[in-house]
Every structure is written in C-alpha cells, then in structure tokens.
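# Tertiary structure, described
Here's the letter readout for the chains.
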Amino acid sequence: MSETFWVALGSIGTTLAFGGVVWQGYLTRGALRVSQLMTADAIRSRLDSQAPGVTLKLNPPPWDPLAATNTGMPCNPWPNGHTWHFPAEQDGANRLVLQQVLVLENLSDRRVQARFDGDLVVADEDRRPTAAGVVLLEPGETSRDVYLQREFTIKELSENFTAKQAGQELPHKVLGTVTAQDDRDNGSTDRWDLVLTGCPVEPVPDRDGLWRIAPWHLTEGSGLRTLDYSLLPPRQRIHWVSRARGVQLPSPDGA
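To start, this report covers the structure provided alongside it. (Residues numbered from 1 in each chain as written. Predicted model: local features only at pLDDT ≥ 70, side-chain atom pairs only at ≥ 80, totals over all residues. Heavy atoms only, no water.)

### Re the overall build of the chain
Stated precisely, the cut-off is as follows: A run of DSSP states H or I qualifies as a helix once it reaches four residues; a run of E qualifies as a strand once it reaches two. Both are numbered from the N-terminal end. For every residue, the accessible area obtained with a 1.4 Å probe (protein chains only) is divided by the maximum for its type, and the residue is called buried under 20%, exposed over 50%, and partly exposed between those limits. Only heavy atoms matter for contacts: two residues are in contact if any of them lie within 4.5 Å across the pair. Only the protein chains shown count as cover for residues, and the accessible areas themselves come from Shrake-Rupley with a 1.4 Å probe.
Counting its secondary structure elements, the chain contains 2 helices and 14 strands. A total of 255 residues make up the chain; the buried ones form 36% of that total. Residue pairs at least 24 apart in sequence account for 71% of intrachain contacts in the chain once pairs closer than 6 positions are excluded. Carbon and sulfur atoms form 55% of the exposed surface of the chain, whose accessible area is close to 15100 Å².

Structure (structure tokens):
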C-alpha cells in the first residue's frame, strides 16, 4: 500500500484516541456532577430534619376596611354608606388601612430569631404602629400580634380598581417579609414573602365621581372578595454551608 494510506490511517487512529479521551473526560465530569448533587441532596435532607419547626399563620383582613387615624392603630371602619367625591376629596385625610394580623410560633426545642421587614408593625404602649424589627422566640413561644399593614388614599385604591378592570397588576400593595432561623452556622433560614392588596372601593353606579366601599354582593358575599391575600403563604428555605461565611448550599435546580 502507498505511504499516503498509512498516514491517513494513523490520522484516523489519533482522532479516535483523542475522541476517546474527550468522551472519558465527559463521563468523568458527569459522574462528578451526579456525586455532587447526591451529596448536596444528603446535606439538604439533614438540614431539613434539623431545621426549627416554625409556623406562620395570618388572619383574614378585617371587613369593613379600617379608617386610618393619627391617634393610634386603626380600630374603626368608615360609617356605612360613606362616599368619597373626586376630585375634591381624592387626596388628604381620606384613607383606608389594609391590614392582616400574623402570628409566628416556634414549635422547635431551640431558640429562634425572627426578623420582620417591610410593612410589618406592632402596636406600642400608646397603640401607635412601630416597626416589628427582630424578636427572639423561645421553644414553644408564640409571637405577639404583628400587623401586615399600610394606609392608602382613596385615590390609590381607585387606581387598584381601574387596574383590575383592565386586567393589569394592581399598583398599590402591602408587602412584608418574615425570616426565621436558629443559631446553627450550618443550618437553614425560612422566609415568607407576604402580599396584601385589592380594590375595596368602587364607583357608585350612576353617580359620576362618587366612590364607595364595596358593598355586600348577592352571590359573592361581603366586600372581602375584593381583596387578594393569603392565610398560609408559601415558605422558602435557604440551606447554609456556613452562615458566618455567607456560603449557601446550591438549590436543587442548580440556581
């Protein structure tokens, strides 16, 4: 055979050998990836089994909506049948409060730190709202009432109504975040994101410029139907390789 044939055959052999090395490397990386995922799953399962048992529950928002007051926490609704006229009364003192009461309970045998951020307040001695901040819950302890609460002008709530009618996201919301964790460095943090919104006011039929609190509906019940809220918000859990060093365990999807 000619020399050209042997050169070509040698080239093919070299290419196949190189391809084998690449394929072997791919398999090795794949096996390593599977091993890492299995290890991460095992660590995640261990951390889940050791995570403090903390529950968060919210009450339904009060109905009728509460009137904002400068003398303390809101406690009374606007009078039945009250209306607001636009534009003369669209701003200023005419405000409603959207509110939910939440309770955090530590069911574990370890002390837990809870942090409340956003529109989460507690009532002080003078019944004035103050930031809920950070609290420590002993084993078996339940938090005091925490309020997911915010004031809105009638104008803002009318914008929510208009947005809902147009099938758009409501622009005005009450937002809060609750996080709970124990003192383990290699532990976990539970987080709940809270949202309360809705359109509790609506135009008065055949009365241009007048708005009222949503009345009782024959088939849909009270105006509470106009509010969007959750009684058991979903929990998100962060697993820590080291909380002190800020190293998290990757989530199951690799994000």
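### Some remarks on the pattern of salt bridges
Operational definition: Criterion for a salt bridge: a side-chain nitrogen of Lys or Arg within 4 Å of a carboxyl oxygen of Asp or Glu.
Under the criterion given, the structure shown has 15 salt bridges. Linking Lys155 and Glu159 is a salt bridge whose minimum nitrogen-to-oxygen distance equals 2.8 Å. Of the two residues, Lys155 and Glu159 both sit in helix α2 (residues 154–165), 4 residues apart, roughly one turn of that helix. Two residues, Glu202 and Arg212, come together in a salt bridge whose shortest N-O distance is 3.1 Å. Taken together, the positions of Glu202 in strand β10 (residues 201–203) and Arg212 in strand β11 (residues 210–213) put the pair 10 residues apart, joining distant regions of the chain.

### Things to note about empty space enclosed by the protein
Selection rule: Residues are called lining when one of their atoms sits within 4 Å of a cavity or pocket point, these points coming from a 1 Å grid over the protein atoms alone, where a cavity is a set in which a 1.4 Å probe fits but cannot get out and a pocket is an open set with protein on both sides within 12 Å along at least five of seven lines. Grid points are joined across faces, edges and corners, and a volume is the space filled by probe spheres set on the points. Gly counts as polar in this scheme, as do all residues outside two lists: the nonpolar Ala, Val, Leu, Ile, Met, Phe, Trp, Tyr, Cys and Pro, and the charged Asp, Glu, Lys and Arg.
As enumerated under the stated definition, the model contains 2 cavities of 30 Å³ or more in all. Taken as a whole, the largest cavity spans an internal volume of roughly 40 Å³. Ranked by residues supplied to the lining of the largest cavity, first place goes to strand β4 (residues 95–106) with 3 residues. Classifying every residue of the lining of the largest cavity gives 7 nonpolar, 1 polar and no charged.

### Digging into the nonpolar core
Defined as follows: By nonpolar core we mean a set of buried residues, namely Ala, Val, Leu, Ile, Met, Phe, Trp, Tyr and Cys, connected to one another through side-chain atoms within 4.5 Å.
The biggest cluster of nonpolar side chains holds 34 residues, and the ones touching the most others in it are Leu104, Phe116, Leu120, Val178, Trp192 and Leu194. At 5 residues, the largest contribution of residues to this core is made by strand β5 (residues 112–123). Apart from the residues within four sequence positions on either side, Val178 is in contact with Leu56, Leu104, Arg115, Phe116, Leu120, Asp190, Arg191, Trp192 and Leu194. Counting residues in each nonpolar core, the second largest holds 5 residues, with Val101, Val121, Ala123 and Tyr147 among its members.

### What to know about the environment of Asp109
The topology assignment puts Asp109 in the loop between β4 and β5. By relative accessible area, Asp109 is classed as exposed at 69%. Along the chain, Asp109 and Pro52 lie 57 residues apart, while their C-alpha atoms are 7.6 Å from each other.

### A word on the packing of aromatic side chains
Keep this limit in mind: A pair of Phe, Tyr and Trp rings is counted when the ring centres sit within 6.5 Å of each other, with Trp represented by its six-membered ring. The angle between the planes then sorts it: under 30 degrees is stacked, over 60 is edge-to-face, the rest tilted.
Per the counting criterion, the structure on display carries 2 aromatic pairs. An angle of 85 degrees between the planes, with centres 5.3 Å apart, marks the rings of Trp78 and Trp84 as edge-to-face. Ring centres of Phe161 and Trp211 lie 5.6 Å apart, and the angle between their planes is 90 degrees; on these two criteria the pair is classed as edge-to-face. Taken together, the positions of Phe161 in helix α2 and Trp211 in strand β11 put the pair 50 residues apart, joining distant regions of the chain. Accessibility assignment for this pair places Phe161 and Trp211 in one class, buried.

### Overview of the layout of surface pockets
A volume near 200 Å³ is recorded for the largest pocket. The wall of the largest pocket is formed by 15 residues, among which Asn80, Gly81, Ile213, Ala214 and Pro215 lie closest to the centre. Among the residues forming the lining of the largest pocket, the class breakdown is 7 nonpolar, 6 polar and 2 charged.

### Looking at the sheet that holds strand β3 (residues 83–85)
Whether parallel or antiparallel, the strands of a sheet pair through hydrogen bonds between backbone atoms. Spelled out, the test is: Note on pairing: two strands pair once DSSP finds at least 2 bridges between them. For helices, the fitted axis covers only the stretch in contact; all axes are lines through C-alpha atoms, and the angles between them, taken along N-to-C directions, range from 0 to 180 degrees.
Strand order in the open sheet formed by 3 strands is β3-β11-β10, with antiparallel pairing between adjacent strands. The sheet is open, and its two borders are formed by β3 and β10, each paired with just one other strand. Averaged over neighbouring strand pairs, the angle between their axes works out to 30 degrees when direction is ignored. Alignment of β10 against β11, held across 3 bridges, turns out to be antiparallel. Directly across from Val201, in β11, lies its bridge partner Ile213. In this fold α2 packs onto β3, β10 and β11, with an angle of close to 75 degrees to the strand it touches most, β10.

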